[in-house]
Amino acid sequence: MEFTVEQIAQMLNGEVKGDKYLNINQLAKIEEGSTGTISFLANPKYEHYIYTTKATAVIVDQQFRPKKAYLTTLILVEDAYAAFTTLLQEYQKILAQNKQGIEQPSFISATAKIGSDVYIGAFSYIGEHCTIGNNVKIYPNVTIADASVIGDNCIIYSGVKIYHNTVIGNNCTIHSNAVIGADGFGFAPQADGAFATIPQLGNVILENNISIGANTTVDRATIGSTILREGVKIDNLVQIAHNVEIGKNTVIAALTGISGSTKVGENCKIGGQVGMAGHITVADNTIVTAQSGITKTVRQSGRIMAGSPAQDSHNNLKSQVLYKNLPKIEQRIRAIEEKLNEQ
Amino acid sequence: MEFTVEQIAQMLNGEVKGDKYLNINQLAKIEEGSTGTISFLANPKYEHYIYTTKATAVIVDQQFRPKKAYLTTLILVEDAYAAFTTLLQEYQKILAQNKQGIEQPSFISATAKIGSDVYIGAFSYIGEHCTIGNNVKIYPNVTIADASVIGDNCIIYSGVKIYHNTVIGNNCTIHSNAVIGADGFGFAPQADGAFATIPQLGNVILENNISIGANTTVDRATIGSTILREGVKIDNLVQIAHNVEIGKNTVIAALTGISGSTKVGENCKIGGQVGMAGHITVADNTIVTAQSGITKTVRQSGRIMAGSPAQDSHNNLKSQVLYKNLPKIEQRIRAIEEKLNEQ
Amino acid sequence: MEFTVEQIAQMLNGEVKGDKYLNINQLAKIEEGSTGTISFLANPKYEHYIYTTKATAVIVDQQFRPKKAYLTTLILVEDAYAAFTTLLQEYQKILAQNKQGIEQPSFISATAKIGSDVYIGAFSYIGEHCTIGNNVKIYPNVTIADASVIGDNCIIYSGVKIYHNTVIGNNCTIHSNAVIGADGFGFAPQADGAFATIPQLGNVILENNISIGANTTVDRATIGSTILREGVKIDNLVQIAHNVEIGKNTVIAALTGISGSTKVGENCKIGGQVGMAGHITVADNTIVTAQSGITKTVRQSGRIMAGSPAQDSHNNLKSQVLYKNLPKIEQRIRAIEEKLNEQ
């Protein structure tokens, strides 16, 4: 698959500065460009690479004014980053091995309803009374337990395990070995110190356009549902406990844990390795920095929280600086004490 | 499946206050109750819901004295929370799709011994010389490697991987994609900076009544055994390293890591994202709050540990408050310094 | 399989002190030794066990001088720990159930190239245009997606999922349910608050002699490659994000997360539950203690970093001590203030 610089410029609504007949057959980072590759420059921090890159072409913003000589051909566009993303998407469409059909051996219950144009990989298991939408791809070694519903255009990667009664909307992507709908962690203490298992009878609902990372776990509700609202994006190795609700378009980075019954608002950005206590509410548009611990309800929208336990980020920054300086602070106190003792 | 309020009250040894002939067909949270559902009120914090709930019936403590009018029918019992748990358990028994038999294709070694009344899902693999107890359920896509032993009444959910020589007691539940018995993380540094793998020849022993969460990992011992004692409950995404021992009825929340050769006592409660150093001992009845780091042996039973590195929780609370106030503390020191300089 | 003490001593180039005709059939920890077992003493902390151990033989350093009577037979060697490791390795070679051949049902694409002397377990899936080296063991329920390359002598444990275009070198071990090559976590914000998925078109490269722990995730690059250099050892439940590069012989403990595009140097030792920000560089020979957060580039080689955000470990230790003493520090300030007010 090969294109000329001109063909790519047309696709991106861009203007060529240089040789438009050169051939492009791969994408590359600007610092790793070689003959036949196309790259992009969006961040001014990387401008110096443009004067040395061996990429055949580089996509740049219209405003870009070179300060030195360069060897590459430029494609000028309105927004270089957006144009390159478009290119990535087009490239992926071409690459996408359009998996179709049902590989054998696979296990599809006689009572399951399967949509049109699906791919079901070998060793995948679809339980009783499941409903699988149109244009769904289920890779090998997936298990979808009884009475679950998967919407249209979903991609379920290899090894994903979906427990019974799970409901998944349209256009969702679930990465390998994620587990959706395992029992919530609920145990009732007994007189003898042992714990009795509290049955987890609810389910998990994923709305539309959700992405779940590899090895992430979303537990079923005790009663009712654990719900991820439309557009939620979850990274790898994240724990979402029973009865949690995550608001629309909220993004959660890797290794974060949200405890039971907590409600996270819309458009939140939660960093990696964050912990949230159970039974609290976090307002819309909250940002939580990595490794923070949210121990109490955050009522006001748009706060940036940091630290464990978390406080407003700019307060936490001050405390962090002083924490590093604690030895100096202690010396100042000692100096004062000595001065006073001398008086 | 439908019951009258009276039938449920009899099952729970309770007394009906209201219409005992109403029909119940589902469980609900009190704030989400609708016609035909039954709920419960145990936490006084939620009392206000009882005056507005649309649940047909609500289970309450005998001592409950309503302060306003309400629309629902009450079932008075000795302990509303315990009664509702009983109800959940009964409901689950009815719901439980009593999976039985051996689905095809599955792989069962000719030398494996399989108990009576088992379920083995399609694409599950049982290695040589394994012993599977009676009434065990093994869901699809499970691998149980050679010479492992699974006790009676265990439930092994889809995708669980059990390495060779693992020993699992009775009544254990292991959730999807948990890995039991992978090699401990042991490497010996070589002269050239590389690391040689130290063979991990021990195994994992899970005693009776243990619950393991989804995507949790319990590593095999280098020599000897990694042991989880009776009644231990582990949440999702927890790391238990080689040669660790966890005492009876200890509970560990998500994303916690216990390093190699550490011994955790009985009846401990370990919060989420806790880390424990290797080769230490943690006394019985220790409570560790979320995100704490236990770096040293905890000798005295019943302490509550918090912080990283952890100290007694009430000390840590004081330090936490002062940490947040460090800017004010620094200002006080500055004020003193200025005052002294003026003298 | 049984050996005499003399046979083992010869294998280890050691000298027997005691009865060389005794039989050995198992390895044990010194405190758990029994008749027929052999153990070792390397750490002086455990010397007291040698006077009570019931192990038939114990491997000790040549310099060892007993201070009391003992019942066991000694094997004197230059380095007891190294000798015992050799013994473990020999023992494992004998134990190793030499799995060979292709179990059925498995799924091997007609376009895949399979080396000699391989083991492919039942329910494993090898996609189109994959290349599998010689002497590779692929346990059951593994998926290797299209166009991936696996070098010689690799062990891929049950449930591992390898995405398309992954390149794995020789002598690599990947533990159960690890996921190699899932999409990096990349989303572009849209005008309406939703996020568009940025296609992840790169891949993952694992060089030679790499070990990956159970349930660990290594994401594919957006463009280019996520690279783990020769000899890297990764524990369980670790997150390696897109476009990360980990230098030669670096070791990373459980539950650590490395954010996108970060470069970690050679010979680093990264503790458990560590977080690293994206787009930073960590110098060779850096040590990071458990639960630390690396937020900035570490330029100088050989530093020991601790805390979140991390600083030099010995500074952090001082701050930690003073943090615990903050209540006392505050009292000292109060005492000074009172004294000044009295003046």
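Scoring rules and cut-offs
Residues numbered from 1 in each chain as written. Chains lettered and ligands numbered in written order. Predicted model: local features only at pLDDT ≥ 70, side-chain atom pairs only at ≥ 80, totals over all residues. Heavy atoms only, no water. Helix = DSSP H or I, 4+ residues; strand = E, 2+ residues; numbered from the N terminus. Buried < 20%, exposed > 50% of the residue type's maximum accessible area, 1.4 Å probe, protein only. Polar contact = N/O pair within 3.5 Å; in protein donor to acceptor, adjacent residues only side chain to side chain. Contact = heavy atoms within 4.5 Å. Least-squares fit on C-alpha atoms with pLDDT ≥ 70 in both. Pairing = 2+ DSSP bridges. Expected span 1.5 Å × (residues − 1). Domains from an automatic or database assignment. Buried area = accessible area lost by both parts, 1.4 Å probe. Salt bridge = Lys/Arg side-chain N within 4 Å of Asp/Glu carboxyl O. Patch = residues over 30% accessible without salt bridge, like charges linked within 9 Å, V, L, I, M, F, W, Y side chains within 5 Å. Areas by Shrake-Rupley, 256 points an atom, 1.4 Å probe, with all protein chains shown as cover. Phe/Tyr/Trp six-rings, centres within 6.5 Å; stacked < 30°, edge-to-face > 60°.

A. Highlighting the side chain of C:Asn203. Residue and element names in this part refer to chain C. Note on placement: Asn 203 falls in strand β24 (residues 203–206). Overall, Asn 203 belongs to the buried group, its relative accessible area being 12%. In terms of polar contacts, Asn 203 uses its side chain to reach the backbone carbonyl oxygen of Asn 165, at 2.9 Å. Other than its neighbours up to four places away in sequence, Asn 203 contacts Asn 165, Val 167, Arg 220, Ala 221, Gly 224, Ser 225 and Thr 226.

B. Looking closely at the relation of the copies chain C and chain A. When chain C is fitted to chain A, the best match, at an RMSD of 0.2 Å, comes from turning it 119 degrees and sliding it 0.0 Å along the axis. Taken together, the turn and the small shift mark the pair as related by a three-fold rotation axis.

C. A look at the sheet that holds strand β7 (residues 73–77) of chain C. All names here are of chain C. With respect to topology, 5 strands assemble into an open sheet ordered β2-β7-β6-β5-β4, the strand pairing being mixed. Whereas interior strands pair on both sides, the edge strands pair on one side only; in this sheet they are β2 (15–17) and β4 (26–27). Across 5 bridges, strand β6 (residues 57–61) lies against β7 in parallel orientation. Of the residues in β7, the one forming a bridge with Ile 59 is Ile 75.

D. Representation of helix α3 (residues 313–324) of chain A within the structure. With 12 residues, α3(A) extends 16 Å between its outermost C-alpha atoms, agreeing within 8% with the 16 Å of an ideal straight helix rising 1.5 Å per residue. Looking only at α3(A), the buried set comprises A:Ser313, A:Asn316, A:Ser319, A:Gln320, A:Leu322 and A:Tyr323.

E. Inspection of the domain arrangement of chain A at higher detail. Assigned domains of chain A: these are domain 1 (3–97) and domain 2 (101–317). Its C-alpha centre places domain 1 of chain A at a distance of 38 Å from the equivalent point of domain 2 of chain A.

F. Geometry of the interface of chain A and chain B. Tallying the contact residues gives 69 residues for chain A and 60 residues for chain B. Roughly 4,900 Å² is buried in total at the junction of chain A and chain B, and carbon and sulfur atoms are behind 61% of that figure. For the pair chain A and chain B, the interface holds 3 salt bridges. The partner of B:Glu337 in a salt bridge is A:Arg332, with the nearest N and O atoms 2.8 Å apart. The interface formed by chain A and chain B holds 25 residue pairs in polar contact (both at pLDDT 80 or more) in total. Contributions of two or more residues to the side of chain A that touches chain B are made by β21 (179–182), β23 (195–197), β26 (217–219), α3 and α4 (326–342) of chain A.

G. The arrangement of a nonpolar patch on the surface in detail. Residue and element names in this part refer to chain A. Taken together, the side chains of Ile 102, Ile 108 and Ile 114 make up a nonpolar region of the molecular surface, amounting to roughly 200 Å² of accessible area. When you line up the elements, Ile 102 lands in strand β8 (residues 101–102). For Ile 102, a relative accessible area of 42% translates into the label partly exposed.

H. Molecular detail of the pattern of salt bridges. Scanning the entire structure with this criterion turns up 33 salt bridges over all chains. Between B:Glu32 and B:Lys29 there is a salt bridge, with its nearest N and O atoms 3.9 Å apart. Overall, the relative accessible area of 45% leaves B:Glu32 in the partly exposed class. Overlapping salt bridges, with partners in common, bring together A:Glu207, A:Arg229, A:Glu245 and A:Lys263 in one network.

I. Highlighting the pairing of β21(A). Residues and elements named next belong to chain A. Direction of pairing for strand β18 (residues 161–162) relative to β21: parallel, over a ladder of 2 bridges. Following the sheet pairing, Lys 161 is matched in β21 by Val 179. Judged from the 3 bridges that link them, β21 and β26 form a sheet pairing that is parallel. Note that in β26 the partner of Ala 182 across the bridge is Asp 219.

J. Here's a closer look at the packing of aromatic side chains. A full pass over the atoms with the stated rule returns 30 aromatic pairs over all chains. Measuring from centroid to centroid gives 5.4 Å for A:Tyr119 and A:Tyr139, while their planes differ by 75 degrees, and the two rings are edge-to-face. Taken as a pair, A:Tyr119 in strand β11 (residues 119–120) and A:Tyr139 in the loop between β14 (137–138) and β15 (143–144) lie far apart in primary sequence, 20 residues in all. Neither A:Tyr119 nor A:Tyr139 differs from the other in exposure class; each is buried. Taken together, a centroid distance of 5.1 Å and an interplanar angle of 20 degrees make the contact between A:Tyr139 and A:Tyr157 stacked. Of the two residues, A:Tyr139 is situated in the loop between β14 and β15 and A:Tyr157 in the loop between β17 (155–156) and β18; the sequence distance between them amounts to 18 residues. The pair A:Tyr139 / A:Tyr157 is uniform in exposure class, with both members buried. These aromatic residues form a ring-pair network of at least three members: A:Tyr119, A:Tyr139, A:Tyr157 and C:Tyr163.

K. Region of interest: the sheet that holds strand β6 (residues 57–61) of chain B. Residues and elements named next belong to chain B. Taken together, 5 strands build an open sheet; the order of strands is β2-β7-β6-β5-β4 and the sheet is mixed. Looking along the sheet, the strands with just one partner apiece sit at the ends: β2 (15–17) and β4 (26–27). Of the strand pairs in this sheet, strand β5 (residues 37–41) and β6 are connected by 4 bridges, and their pairing is parallel. Bridging from a neighbouring strand, Ile 38 pairs with Ala 57 of β6.

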